[in-house]
Amino acid sequence: MLVDVAKVNEIAPGGLKAAEVNGREIVVCNDAGKIYAIDRRCGHMNAPLDLGTLEGYILTCPMHHAQFDITSGEALSGPVPPNLGDEVIPEGIGKSLQHVGMLMSHIKTCDIKTYPVKIDGDSIKIEIE
Ligand code: FES
């Protein structure tokens, strides 16, 4: 089934737009005028990818910076630990961050689903079951 998700002029090149279709959360992406649609939830810990950044075909998650290929949904890289620079972390918080980091290292970053896109006049439609 083809479903309208946005108008072509709503998403500038490099832009992202969230949409909900039949209970599914989708992100529509504009890579230099070519439109793609992927699941909205990050394959790492479900952060909303429409709040991330798109450079070319690479979408970077806003939470831990895993990267995805919007043309295929492939996870290109996993989460990146925060760079705290020279900041001195209070001991209790430092131990807590180490614990969180240890737990996160066991969470796999999965590929995400992509959807076929059709441009129909000024409408962006995606194919969804
Ligand atoms: S939730 Fe996206 S990288 Fe962790």
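The structure we're discussing is the one just above.
As a starting point, this report considers the structure included with it. (Residues numbered from 1 in each chain as written. Predicted model: local features only at pLDDT ≥ 70, side-chain atom pairs only at ≥ 80, totals over all residues. Heavy atoms only, no water.)

## Considering the pattern of salt bridges
Reasoning step 1: For the structure on display, the rule yields 9 salt bridges.
Reasoning step 2: Note that D122 is salt-bridged to K7, the shortest N-O span being 4.0 Å. You can see D122 sitting in the loop between β10 (117-120) and β11 (123-127) and its partner K7 sitting in strand β1 (residues 2-7), a full 115 residues away along the chain.
Reasoning step 3: Overall, the relative accessible area of 35% leaves K7 in the partly exposed class.
Reasoning step 4: A salt bridge links E91 to K95; the shortest N-O distance between them is 4.0 Å. Taken as a pair, E91 and K95 lie in helix α1 (residues 91-104) at a separation of 4 residues, close to a single helical turn. We note that E91, like K95, is exposed.
Reasoning step 5: It is possible to trace a salt-bridge network through shared partners that takes in E25, R40, R41 and D50. (Salt bridge = Lys/Arg side-chain N within 4 Å of Asp/Glu carboxyl O. Helix = DSSP H or I, 4+ residues; strand = E, 2+ residues; numbered from the N terminus. Buried < 20%, exposed > 50% of the residue type's maximum accessible area, 1.4 Å probe, protein only.)

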